[in-house]
Amino acid sequence: MLGVCTPAGGGPMTPMLQVADLVVEYAARSGPFGRGRATGVRAVDRVSFEIEPGRTLGLVGESGSGKTSVARAILGIAPVSDGRIMIQGRDVTRVTGALLRAKRRTAQMVFQQPTTSLDPRRTVATSISEPLVHLLHMRGRQLEARVMELLELVGLEPEHARRLPRELSGGQRQRVAIARAIATSPSLVVCDEPTSSLDVSVQAQIINLLVWLQSELGISYLFISHDLGTVRQIADTIAVMHLGGIVEAGSVEQVLDAPRHEYTKALIAAVPSIDRIGARRGTTNAIAP
Ligand SMILES: Nc1ncnc2c1ncn2[C@@H]1O[C@H](COP(=O)(O)OP(=O)(O)OP(=O)(O)O)[C@@H](O)[C@H]1O
Ligand SMILES: [Mg+2]
């Protein structure tokens, strides 16, 4: 588990997110047609970590190691069998009703494929409005003004408001998904491979946008990726997942430059050239979106 946050002034500060001994199990059925007796699949096995306010934790690991299951459990869309999820010191593991709505205002998610989070029949404006209407009860001019402000924040033009997702490029669609995710001014945004479906130049633009939004709005990110180069650019700390558990965690430099666990070493060795992993955050070319 990563250390308790300590502000420059002294005493301990409440982490933005604390995940303690999280277990996620899916009910699976035996037999090829799923008619056999149910047997649980343990996708996440006692995972613990923390994210400080305004900071980014990179969660890395091979396919199937449980990264998305952790993300979905935090957002309440995967079954939590055991453990606790605390946001700003409040236990939100199994909240319902008004507390669930409050959690949704505070914690949002950006998915790998913007097509899965955006309704193909809804315009950009309608998609971005949805959390504002349902979670903040915005209407009329206030709603319109906030949608336009969000479009500008993510580097889109006012004319994009009337478009359907299919009338946008992949990068523009992901910008809409980010605008929707930050609409309610959340403190935590979980990004699950947000650039994996994009080509390299667009990936860099989206990473720069996320970094810039963090500096402007103070958001904490849980940033999931199997691309160590991207994680080095955006993350402050890294946790490495393997077979449902965290095998190593620490600062980006500790984990990527001086890995202790054999699995982390193997992940780094699988990257074609360490030189291509790129520079640390702050040394990328353009930060503004
Ligand atoms: N809804 C589900 N029902 C049953 N099993 C699931 C479900 N979702 C995921 N799993 C299983 O849980 C394990 C972890 O999956 P998960 O999607 O969390 O991995 P991941 O690290 O995000 O992988 P990837 O890098 O490919 O996205 C896998 O064995 C997967 O088959
Ligand atoms: Mg995944």
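Being a predicted model, the structure only gives us computed values, none of them experimental.

## Quick word on the nonpolar core
Membership of the largest hydrophobic core comes to 49 residues, with the highest contact counts inside it found for Ile178, Ile182 and Ile238. At eight residues, helix H7 (residues 200-217) tops the list of elements feeding residues into this core. If near-sequence neighbours (up to four positions away) are discounted, Ile178 is found in contact with Val110, Val154, Ile206, Leu209, Leu210 and Leu213.

## A few points about the sheet that holds strand E6 (residues 107-110)
In space, the six strands of this open sheet follow the order E6-E7-E8-E3-E9-E10, with mixed pairing throughout. Of all the strands in the sheet, the pair left with one neighbour each is E6 and strand E10 (245-251). Adjacent strand axes in the sheet meet at a mean angle of 15° when their direction is disregarded. In this sheet, strand E9 (residues 237-242) lies alongside strand E3 (residues 56-60) in parallel orientation, the contact comprising four bridges. Note on E9: the bridge partner recorded for Val60 is Val240.

## Section: the pattern of salt bridges
The tally for this structure, following the rule as stated, stands at 13 salt bridges. Between Arg121 and Asp119 there is a salt bridge; the shortest N-O distance is 3.2 Å. For the salt bridge of Glu130 with Arg180, the shortest nitrogen-to-oxygen distance reads 2.6 Å. One end of the pair, Glu130, is in helix H4 (residues 124-136); the other, Arg180, is in helix H6 (residues 170-182), with 50 residues separating them in the sequence. In this structure Glu130 comes out as partly exposed when scored by relative accessible area, which is 25%. In the salt-bridge network here, residues are joined through shared partners; they are Glu25, Arg42 and Asp45.

## Considerations on the site of ligand 1
Around ligand 1, the neighbouring residues are Tyr26, Ala43, Glu62, Ser63, Gly64, Ser65, Gly66, Lys67, Thr68, Ser69 and Glu193. The side chain of Lys67 places a nitrogen or oxygen atom 2.8 Å from an oxygen atom of ligand 1. Burial of ligand 1 by the surrounding chains reaches 58%, relative to a free accessible area of 640 Å². If you tally residues by element for the shell around ligand 1, the top one is helix H1 (residues 67-75), at three residues. Considering only residue class, the shell around ligand 1 consists of two nonpolar, six polar and three charged.

## Concerning the side chain of Arg232
Tracing the backbone through its elements, the reader meets Arg232 in helix H8 (residues 228-234). Here Arg232 falls in the buried class, since its relative accessible area comes to 9%. Within polar-contact distance, the side chain of Arg232 engages the side chain of Asp257 at 2.7 Å.

Cut-offs applied
Residues numbered from 1 in each chain as written. Chains lettered and ligands numbered in written order. Predicted model: local features only at pLDDT ≥ 70, side-chain atom pairs only at ≥ 80, totals over all residues. Heavy atoms only, no water. Core = buried A, V, L, I, M, F, W, Y, C linked by side-chain atoms within 4.5 Å. Buried < 20%, exposed > 50% of the residue type's maximum accessible area, 1.4 Å probe, protein only. Helix = DSSP H or I, 4+ residues; strand = E, 2+ residues; numbered from the N terminus. Contact = heavy atoms within 4.5 Å. Pairing = 2+ DSSP bridges. Axes fitted to C-alpha atoms, helices over the stretch in contact; angles between N-to-C directions. Salt bridge = Lys/Arg side-chain N within 4 Å of Asp/Glu carboxyl O. Near = heavy atom within 4 Å. Polar contact = N/O pair within 3.5 Å; in protein donor to acceptor, adjacent residues only side chain to side chain. Areas by Shrake-Rupley, 256 points an atom, 1.4 Å probe, with all protein chains shown as cover. Nonpolar A, V, L, I, M, F, W, Y, C, P; charged D, E, K, R; others polar.

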